[in-house]
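# Secondary and tertiary structure notes
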Amino acid sequence: MPEEESQTIMAVDELQAIIQRCQILEEADFKGEDFNLFQVAGQKCLEDGYAAQLLEVIQNEKNKVIIKNMGWNLISPLVRCIFMYKLEDDKREHCLKILDQLAQLCNPKELFLGLLEQIEQTSGEQVCQTVMLLLQPLQIVLLKLQNKKAYSVGLSLAMIMNQLTALPVPYTKQQIQEDKLGLCQCCNAVVDFAKPFVNEVVKNMEKSSEYNEMELKEELLKFCMKSLKYPLLTAQLEQLEGIEEHPFRRFATEIIDILWDIRELIPLVFLHRKGKSPHWENQEFADIEQKNSADSLACLSYLMFVQHFGIDCFPAVFSPSYLLQCNMTHIEVLLKRTEESMLSKGLDLFESCLLRMEDNSLLHQYLEFRDFIDVPQDLVKVMTLCPIEHLRKKSLNILQLFIDKFDAEGKYTLFRCLLKTSNHAGVEGYIIKNIKDQIHLSLTACDNIWFTGHHLISLLDLVLLLPEGAETDLLQNSDRIMASLNLLRYLVIKDCESDNQTGVWTTLAKIEQNFLKPLHVGLNMSKAHYEAEIKNKKENRREAHSSNTVCSLTVSGEKMPAMTTDMQLQVLHSALFTFDLIESVLARVEELIEVKIKAVMDENS
């Protein structure tokens, strides 16, 4: 007899011997030794490639009680063997049939724990394969459970999502199409897995408006909240050319549908309901729970108001300003993130809310809400610190959009706030240009008390000054200084001293004291310093007999990268050019002031 055939007989005979011994026992008389022997013999059959014989044993009606009690022990070796065989292999088909039989025949509670254990133990590239393999048997088992069903469904969904969150979310079109780890396919399979339980909740809610079996509903809500944070918060959700059914858009649609079906969609959007959050004695855990919930709700708002998932369910009775107010918390959460996928969602959500509004329609009272002050400051940080150029540009456009939506007093208050908090000369220069535009509008189109008279003078006190007087770093503050000079030049040209609508002529002495004179002194000091530096560099170059000596240079308090002497000279000359530009505009402003004052004196004489 060939050795291989002998091993086959041994493996199957061992299993048959255990089966025959157990067949004559009552269910209550099964011992731990019987379980162990069955597991070892069954595993040997699987590993030696005799799944067909094992399947016959399992399908035999006489063995029903044995399989019910002991079959779940085969899950671990069964999963290993399924992944070992190729797709078209008959042995793999036999293993899959065994898995299906175990789901039908085994004790649901024992099999449930066995299946969860397999999901928990999987890692890396096998996570999605294992989850998708075990979803159907897990669903069959859960539907059979009578006690602690909601808890078991929740535990299953939590375990699955915890395993998936370790995987990177495909972001580019190519990554989504390749779906290398199977995450896109797996996410949608998990939603299909949850559907019978959603239907059960819906059925019970339809039976009674006072549906009290809330546990299952709460577990489904937790699953949706986790799904919003991962993968949807990270995923790219724009329509992609060449992808007929975007897997994450389908997943998002399904999650929104579940929330609608269990009557949680609108409460989540408006009441910021977070479900029954556990009470954590450890504050760190409580903070993590709160952050996760905030991320999920921010993603939900993005899906509804930007991508329009579930928008048909949305009551169309709310004003655009109220919708902006509801979303400011979510926008703030997203703008504080540094990841491109989340930051871009925050900008898109902010833009979408603002585009619904008419210009000048947002009342200044909204600035009494903390979010309306904090969000523009976060926007400024994106404009100045984000390394991604298109997001910096977009944030600037959205800041302008935000300014445009406010009424005059709102614009005035926002300008004051940003001038005090931005700490960035470029941003301050941009705000000053906006102030100039509002003054022009006030003088030419509609009289506005906030950008003329004493209100404007108060605002000009923040604009027409040097932060550190003559010691101010003029190069670093050049954007702000040029914008301030251009504003002053405009005021002097546009507002006659006899009219003095803006109040600039009343406060001219203060402007000269706080701005023009210190600027003169600062320019003289800066030019002298940089001219001395240029002279010093040229002398050093002559002494070194080479223009390729590499050394360091500090400009505006920041150490520049290592440069040759010629490169440093170029930087120093560029700084001098900036000072000359400031000086020429300053001279023009002073000339205009002198001409205006002389004209008034001539009139009065």
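Description of the structure in this document. Please read these numbers as outputs of a predicted model, since none were measured by experiment.

### Some thoughts on empty space enclosed by the protein
- The tally for this structure, following the rule as stated, stands at one cavity of 30 Å³ or more.
- Estimated volume of the largest cavity: approximately 40 Å³.
- Elements supplying a minimum of two residues to the lining of the largest cavity: α22 (453-463) and α24 (508-544).
- Top element by residues in the lining of the largest cavity is α24. It accounts for three residues.

### Comments concerning the packing of aromatic side chains
- The final tally for this structure, using the stated rule, is 14 aromatic pairs.
- Judged by centre distance (5.2 Å) and plane angle (90°), the rings of F305 and F314 are edge-to-face.
- Ring centres of Y412 and F451 lie 6.0 Å apart, and the angle between their planes is 75°; on these two criteria the pair is classed as edge-to-face. Of the two residues, Y412 is situated in helix α20 (residues 408-421) and F451 in the loop between α21 (425-444) and α22; the sequence distance between them amounts to 39 residues. F451 carries the same exposure label as Y412, and that label is buried.
- In this structure an aromatic cluster arises from ring pairing among F350, Y366, F369, F372, F402 and F406.

### Points about the state of the cysteines
- For the structure on display, the rule yields zero disulfides.
- Residue C81 stays outside any disulfide, its sulfur separated by 5.3 Å from that of C95, the closest cysteine.
- Taking the relative accessible area as the measure of exposure, C81 reaches 2% and is therefore buried.

### Some thoughts on the environment of Q239
- Note on placement: Q239 falls in the loop between α12 (214-232) and α13 (247-261).
- For Q239 and K173, which are 66 residues apart along the polypeptide, the C-alpha to C-alpha distance reads 9.9 Å.

### Concerning the nonpolar core
- One finds L164, F223, L303, F350, L485 and L519 to be the most contacted residues of the largest nonpolar core, which totals 190 residues.
- The leading source of residues in this core is helix α11 (residues 183-207), at twelve residues.
- Beyond its immediate chain neighbours, meaning those up to four positions away, F350 contacts L324, M328, I331, V375, L379, I398 and F402.

Cut-offs used in this document
- Residues numbered from 1 in each chain as written.
- Predicted model: local features only at pLDDT ≥ 70, side-chain atom pairs only at ≥ 80, totals over all residues.
- Heavy atoms only, no water.
- 1 Å grid on protein atoms, 1.4 Å probe; cavity = no way out; pocket = protein on both sides within 12 Å on 5 of 7 lines; lining within 4 Å.
- Points joined across faces, edges and corners; volume = space filled by probe spheres on them.
- Helix = DSSP H or I, 4+ residues; strand = E, 2+ residues; numbered from the N terminus.
- Phe/Tyr/Trp six-rings, centres within 6.5 Å; stacked < 30°, edge-to-face > 60°.
- Buried < 20%, exposed > 50% of the residue type's maximum accessible area, 1.4 Å probe, protein only.
- Disulfide = S-S within 2.5 Å.
- Core = buried A, V, L, I, M, F, W, Y, C linked by side-chain atoms within 4.5 Å.
- Contact = heavy atoms within 4.5 Å.

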